Amino acid sequence: MSSEVKREQRLAVDRNVGSGWFNGAMTHAGTSGATIRLFLVDGTPQGIRLVDRSQWTGVCLAFSRADYARARLRNEFGRTGVYLLTGPDPEGKGPDVLYIGEGDAVAARLDSHQRSKDFWTNAYVLTTADDSLNKAHVRYLEARLVQIAATANSVRLDNGKTPNVPWLSEPEVADMEAYLANMLVILPIVGVHAFEVPTVTGEVGGTGTPDAAETRTRYFLKTQLTTAEGIEDPRGFTVFEGALGRFETKTMTAGYHALREKLLTEGVLAAHGADQIRLTRTYAFDSPSSAASVLSGGSKNGRIEWRDAQGRTLREHQQGTAETPADAISPDQSGETA
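Criteria and thresholds
Residues numbered from 1 in each chain as written. Predicted model: local features only at pLDDT ≥ 70, side-chain atom pairs only at ≥ 80, totals over all residues. Heavy atoms only, no water. Axes fitted to C-alpha atoms, helices over the stretch in contact; angles between N-to-C directions. Helix = DSSP H or I, 4+ residues; strand = E, 2+ residues; numbered from the N terminus. Parallel < 35°, antiparallel > 145°, perpendicular 65-115°, else oblique. Left-handed = near helix turned anticlockwise from the far one by under 90°. Contact = heavy atoms within 4.5 Å. Nonpolar A, V, L, I, M, F, W, Y, C, P; charged D, E, K, R; others polar. Pairing = 2+ DSSP bridges. 1 Å grid on protein atoms, 1.4 Å probe; cavity = no way out; pocket = protein on both sides within 12 Å on 5 of 7 lines; lining within 4 Å. Points joined across faces, edges and corners; volume = space filled by probe spheres on them. Phe/Tyr/Trp six-rings, centres within 6.5 Å; stacked < 30°, edge-to-face > 60°. Buried < 20%, exposed > 50% of the residue type's maximum accessible area, 1.4 Å probe, protein only. Lys NZ or Arg CZ within 6 Å of the ring centre and 35° of its normal. Expected span 1.5 Å × (residues − 1). Polar contact = N/O pair within 3.5 Å; in protein donor to acceptor, adjacent residues only side chain to side chain.

Asks: Any details on the packing of helix α7 (residues 254-266) against helix α8 (residues 288-296)? Residues and values, ideally.
Replies: A pair of packed helices can be characterised by two numbers: the angle between their axes and the separation between those axes. Put simply, α7 and α8 touch, their axes get as near as 9 Å, and they point 65° apart. Classified by the angle their axes make, α7 and α8 are roughly perpendicular. Seen from above, α7 lies across α8 with right-handed handedness. Only S289, S290, S293, V294 and L295 of α8 make contact with α7, whose side of the interface consists of Y256, L259, R260 and L263. Here the contact of α7 with α8 is built from residues that sort into five nonpolar, three polar and one charged.

Asks: If you had to explain the pairing of strand β9 (residues 226-233) to someone new, which residues and values would you point to?
Replies: Working note: regular strand, side chains alternate between the two faces of the sheet. Relative to β9, strand β8 (residues 218-223) runs antiparallel, the two being bridged by six bridges. Within β9, the residue paired with Y219 across the bridge is G230. Counted between consecutive antiparallel strands, the loop separating β9 from strand β10 (residues 236-239) contains two residues.

Asks: Give me the lowdown on the layout of surface pockets, citing residues and values where you can.
Replies: Regions of empty space are outlined by a rolling probe, equal in size to a water molecule, passed over the atoms. As a volume, the largest pocket reaches approximately 770 Å³. Considering the residues around the largest pocket, the lining is formed by 31 residues, among which S154, H193, A194, Y283 and A284 are closest to the centre. Every element with two or more residues in the lining of the largest pocket is listed here: β4 (81-87), β5 (97-103), β6 (122-128), α7 and β14 (283-285). Of the residues forming the lining of the largest pocket, the biggest block, five residues, is contributed by α7. Residues belonging to the lining of the largest pocket are distributed by class as follows: 16 nonpolar, eight polar and seven charged.

Asks: Describe the packing of aromatic side chains, listing the residues and the values that go with them.
Replies: Within this structure, the stated rule accounts for nine aromatic pairs. Consider the rings of Y68 and F77, whose centres lie 5.7 Å apart with planes at 75°: the pair is edge-to-face. The residues Y68 and F77 share a single accessibility class, namely buried. Relative to F285, the ring of Y283 lies with its centre 4.9 Å away and its plane at 75°, an arrangement referred to as edge-to-face. Each residue in the set F63, Y68, F77 and W120 is aromatic and connected to the rest through ring pairs, giving one cluster. Lying across the ring of Y99, K117 places its NZ or CZ 4.4 Å from the centre.

Asks: Can you explain helix α5 (residues 135-152)? Please cite residues and give values.
Replies: Since there are 3.6 residues in each turn of an α-helix, residues three or four apart along the chain are aligned in direction. Its 18 residues place the ends of α5 26 Å apart at the C-alpha level, agreeing with the 26 Å of an ideal helix rising 1.5 Å per residue. Most of α5 sits out of view: 13 of its 18 residues are buried. You can read the cap of α5 off the contacts: a side-chain oxygen lies 3.0 Å from the backbone nitrogen of A136, and it is on N134.

Asks: Would you mind going over the sheet that holds strand β7 (residues 156-157) in detail, with residue names and values included?
Replies: What the seven strands build is an open sheet, ordered β1-β2-β3-β6-β4-β5-β7; its pairing is mixed. Each edge of the open sheet carries a strand with a single partner, namely β1 (36-40) and β7. Relative to β5, β4 runs antiparallel, the two being bridged by seven bridges. Pairing of G81 across the sheet is with G103, part of β5.

Quick look at the structure:
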């Protein structure tokens, strides 16, 4: 294979990363529907879990470090695959920590990390039910996952270096990108959100399907020294990069104040001039109130503070979705009998 062809393939992968292809794929999967199967190996939601998707051979084995000995007995440990190790920041100041690795048989690599890596509390083995992945496949998946996590920038990567995306044939690239698209739907279900990249309204995913954010209403927050834009989405309330807030804090709940300090420590919020702070990247808050409060430096009711371009509050929009005109209800829906 010529170096020019390899270069074009690498550029195509880079374009996919830059365009948020993986997020578009996740959104596309969500809008078209997906059947995900979650098997509780121990019969408890906190125990070992095996997750797959209907009519797909990929599987994710999720387990805590406390269950390592029992998880290691499973067949997935002997297969070629990629694995993720996650845990809190050892110093309790920064974001969670993530390590991404691969192995011909992941057991050997995970055994090494069980002995030598202290930070992780949960692990996820990404492989296939028929052991159809090979070494080149998992090196490709590892490199792509590192790229995506770096783009999302919501965790601290523990990988010492960023692996290069290895060359694969065009059909293999298509297969591995399809594997990624499926796995990126599964991972949030088991609590891994490190690969979720907040999208901006109006973006279109690489699948050619409009991103879900395109149909979401933009809301604006304008108070003293605070100017921000965001959208309500399934994760809570996403505020776009560049939002400005008040540097000085007033009366705030302990939770909002702690979140503000955490985001300042992590660099998600940074000083902007003498009296403002700036959101350095698009960030998903857990609620519109936490977004409004953290930015404005005081406790705010986000359902009232966030308004659309016409001045309607988020609360008014939410109430509107619950109102159904009486003449729009069919006899079957209203419970009336003919």
